[in-house]
Number of protein chains: 2
Amino acid sequence: MVHKQAPPVRKLDDQGKILSNAARLFREKGFEKTSLKEIAEACNMLPGSLYYRYSTKETLLVELMRRGVGLVTAEVEMAYADSDDPVQQLRFCINAHLRALLVDPDTVYALLFEWRSLGPEAREEIVALRDQYESLWAEILAVMIEKGVIKKNVDSRLLRLIGFGALNWVATWFDPNGDHSLEAIGDFVWQIAIGGVITKGVQS
Amino acid sequence: MVHKQAPPVRKLDDQGKILSNAARLFREKGFEKTSLKEIAEACNMLPGSLYYRYSTKETLLVELMRRGVGLVTAEVEMAYADSDDPVQQLRFCINAHLRALLVDPDTVYALLFEWRSLGPEAREEIVALRDQYESLWAEILAVMIEKGVIKKNVDSRLLRLIGFGALNWVATWFDPNGDHSLEAIGDFVWQIAIGGVITKGVQS
DNA sequence: GTCTATATGTGGATAGAC
DNA sequence: GTCTATCCACATATAGAC
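Counting starts from 1 at the beginning of each chain's written sequence and moves along it residue by residue. By the order in which they are written, chains take letters starting at A while ligands take numbers starting at 1. Given that this is a predicted model, residues contribute local features only at a pLDDT of at least 70 and side-chain atom pairs are listed and counted only at 80 or more, while totals for whole chains, interfaces and linings are drawn from all residues. To obtain the side-chain values, all non-hydrogen atoms of the structure were included, while hydrogens and water were left out.

**Brief notes about the relation of the copies chain A and chain B**
For the match of chain A to chain B, the screw axis carries a shift of 0.0 Å, the RMSD comes to 0.0 Å, and the turn is 180°. Both chain copies can therefore be described as sitting about a two-fold axis. By the convention used here, residues are in contact when the closest approach between their heavy atoms is within 4.5 Å. The fraction of interface residues of chain A whose copies in chain B are also interface residues reaches 100%, indicating that both copies meet through the same surface. The fit set for superposing copies consists of C-alpha atoms from residues with pLDDT of at least 70 in both; the fit itself is least squares.

**As for the protein's contact with DNA strand D**
For DNA strand D, the full set of nearby residues is Met45, Leu46, Ser49, Tyr52 and Arg53 of chain A together with Thr34, Ser35, Leu36, Tyr51, Thr56 and Lys57 of chain B. Residues are counted as near a molecule or strand when any one of their heavy atoms sits within 4 Å of it. In DNA strand D, atoms within 4 Å of the protein come 79% from sugar and phosphate. Here a polar contact is taken to be a pair of N or O atoms separated by no more than 3.5 Å, where protein atoms must pair a possible hydrogen donor with a possible acceptor and residues adjacent in sequence count only if both atoms sit in side chains. Measuring from a phosphate oxygen of DNA strand D, one finds a backbone N or O atom of Leu46 of chain A at 2.9 Å. In this structure, a phosphate oxygen belonging to DNA strand D sits 2.9 Å away from a side-chain N or O atom of Tyr52 of chain A.

**Concerning the packing of aromatic side chains**
For any pair of aromatic rings, the description consists of the separation of the ring centres together with the inter-plane angle of the planes. Think of it this way: a Phe, Tyr or Trp ring, Trp meaning its six-membered ring, pairs with another when their centres are within 6.5 Å, and the plane angle makes it stacked under 30 degrees, edge-to-face over 60, tilted otherwise. Applying the stated criterion across every chain, the model contains eleven aromatic pairs over all chains. Seen in terms of ring centroids, Tyr133 of chain A and Phe164 of chain A are 6.0 Å apart; in terms of plane orientation they differ by 10°. Their pairing is stacked. Pair noted here: Tyr133 of chain A is in helix H7 (residues 120–146) and Phe164 of chain A is in helix H8 (residues 156–168), with a separation of 31 residues, a long-range link. The buried label applies to any residue whose accessible area, calculated with a 1.4 Å probe on protein chains only, is under 20% of its type's maximum; exposed applies above 50%, and partly exposed to all values in between. What makes Tyr133 of chain A buried here is its relative accessible area of 6%. With a centroid separation of 4.9 Å and 70° between ring planes, the pair formed by Phe26 of chain B and Phe31 of chain B is classed as edge-to-face. Through successive ring pairs, a cluster of aromatic residues spans Tyr109, Phe113 and Trp169 of chain A together with Tyr109, Phe113 and Trp169 of chain B. Runs of H or I in DSSP of at least four residues are treated as helices and runs of E of at least two as strands, each being numbered from the N terminus.

**So, the packing of helix H5 (residues 86–103) of chain B against helix H10 (residues 182–195) of chain B**
All names here are of chain B. The geometry of H5 relative to H10 is characterised by a closest axis approach of 10 Å and an angle of 140° between their N-to-C directions. Relative to H10, the element H5 is oriented oblique. Of the two elements, H5 crosses H10, and the hand of that crossing is right-handed. Across the interface between the two elements, Val87, Leu90, Arg91, Ile94, Asn95, Leu98, Arg99 and Leu102 from H5 touch Leu182, Ile185, Gly186, Asp187, Val189 and Trp190 from H10. Looking at the contact of H5 with H10, its residues break down into nine nonpolar, two polar and three charged. Angles shown run from 0 to 180 degrees and are taken between the N-to-C directions of axes, each axis being a line fitted to C-alpha atoms and, for helices, limited to the stretch in contact. Roughly parallel refers to an angle under 35 degrees, roughly antiparallel to one over 145, roughly perpendicular to one between 65 and 115, and oblique to any angle outside these ranges. The hand of a helix crossing depends on one turn: near helix anticlockwise from the far one by less than a right angle means left-handed, and clockwise means right-handed. Residues are grouped as follows: Ala, Val, Leu, Ile, Met, Phe, Trp, Tyr, Cys and Pro are nonpolar; Asp, Glu, Lys and Arg are charged; all remaining types, including Gly, are polar.

**As for the pattern of salt bridges**
Residues and elements named next belong to chain A. Should a side-chain nitrogen of Lys or Arg be within 4 Å of a carboxyl oxygen of Asp or Glu, the pair is scored as a salt bridge. What the rule picks out here adds up to 27 salt bridges over all chains. In this structure, Arg66 and Glu63 form a salt bridge, with 2.9 Å as the shortest nitrogen-oxygen distance. A residue pair is termed a helical-turn pair when its members lie 3 or 4 positions apart in one helix, as Arg66 and Glu63 do in helix H4 (residues 57–81) at three residues. Between Arg99 and Glu75 there is a salt bridge whose closest N-O contact spans 2.5 Å. Here Arg99 is found in helix H5 (residues 86–103), whereas its partner Glu75 is found in helix H4, with 24 residues between them in sequence.

**Digging into the protein's contact with DNA strand C**
Residues in close proximity to DNA strand C include Thr34, Ser35, Leu36, Tyr51, Thr56 and Lys57 of chain A together with Met45, Leu46, Ser49, Tyr52 and Arg53 of chain B, which together make up its full environment. Each atom of DNA strand C within 4 Å of the protein was classed as base or backbone; sugar and phosphate made up 79%. Leu36 of chain A places a main-chain nitrogen or oxygen 2.9 Å from a phosphate oxygen of DNA strand C. Here Tyr52 of chain B contributes a side-chain N or O atom positioned 3.1 Å from a phosphate oxygen of DNA strand C. With three residues, helix H3 (residues 47–53) of chain B is the single largest residue contributor to the surface near DNA strand C. Here the residues of the surface near DNA strand C are counted per class, giving five nonpolar, four polar and two charged.

Structural data, given as structure tokens:
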């Protein structure tokens, strides 16, 4: 077997550069207001060159979103497998979802807020992927309720939706240089999950 | 003093029709993908006619957002004044914020998700209004902590941001004909605030 | 106040040289 | 694989009649 001449020197640079620049611009200006010319300029290329990789602007967004879902899914699945104690598992999964917002914030931002720019077919694909991720959480929460980690009388769908809100919204205000670290945010959410915020005794 | 000849027969119909149609379309398709032609058609008008009321497309969005902030602010202020018991006040304010998402969902949706379509000057204005609303909540939460309703050790800024997330995200999935009524959602959030979701005894 | 007609700009996308 | 050049559609906005 012949030795490969050149070591696999990451070929992602081309595609990766386009995707990351696009993601950044989409986050800053929104998908619709970002022109292919701008994306190309950010990559030191010309508009026409982008079409060699992505036949339409929408394709670019779809690819971005696919990666976004893959990212959060991988983080949460790893976190779940990272402990045998269900309480720890839940806590780790919350932190994993939050971490995914940081690992590649621009990509996840597109996933959360640019789905209206997808045509019907593309939207169907992405929604299916998103539903898959949500069903992963549905399973996790079901297990937690079954194991008695989460109170039996809690509506798991509402918990998932409200919890997603609390976590996803972080993407709109989180500042890596700001007052609150991701860990602090995760701890805070966990404290609420454990005991709420209302003082005992004044509860009506 | 001369009697006014015609009674004030709601003159909002014209402007109101434009705004509500625009809000609905902005929510469905997004601001950038909605053309003035579509808005005009929805109002049984022609594109040129819209410019009599709004000199630019952005002006329309700004006016919409002004109303959105006014709406939620009014709801929460009324709710706060609706009781003397601080616990009830907090609960009412949460419900009021949620209710504002329903009263005029399209308008509030624009406020939450279309701010990137504003130019620098307009954005400054709307952000200032939004900050005003947030400071209203900051005050409410500060009072609640001071009065011992909310636990003393809770970071009020984090609570506000996480809470806004939980509530605002409802706008992305709420279905008036769906399983959960706004009241049920408010109760659910309140239950979490009171005691969290984790079973006592398994808390690590 | 609403219409017609149109100016003007821009963006996505294609064809084909290199 | 990237470039040049360009087509084409469409959107915002304007001017001016009615």
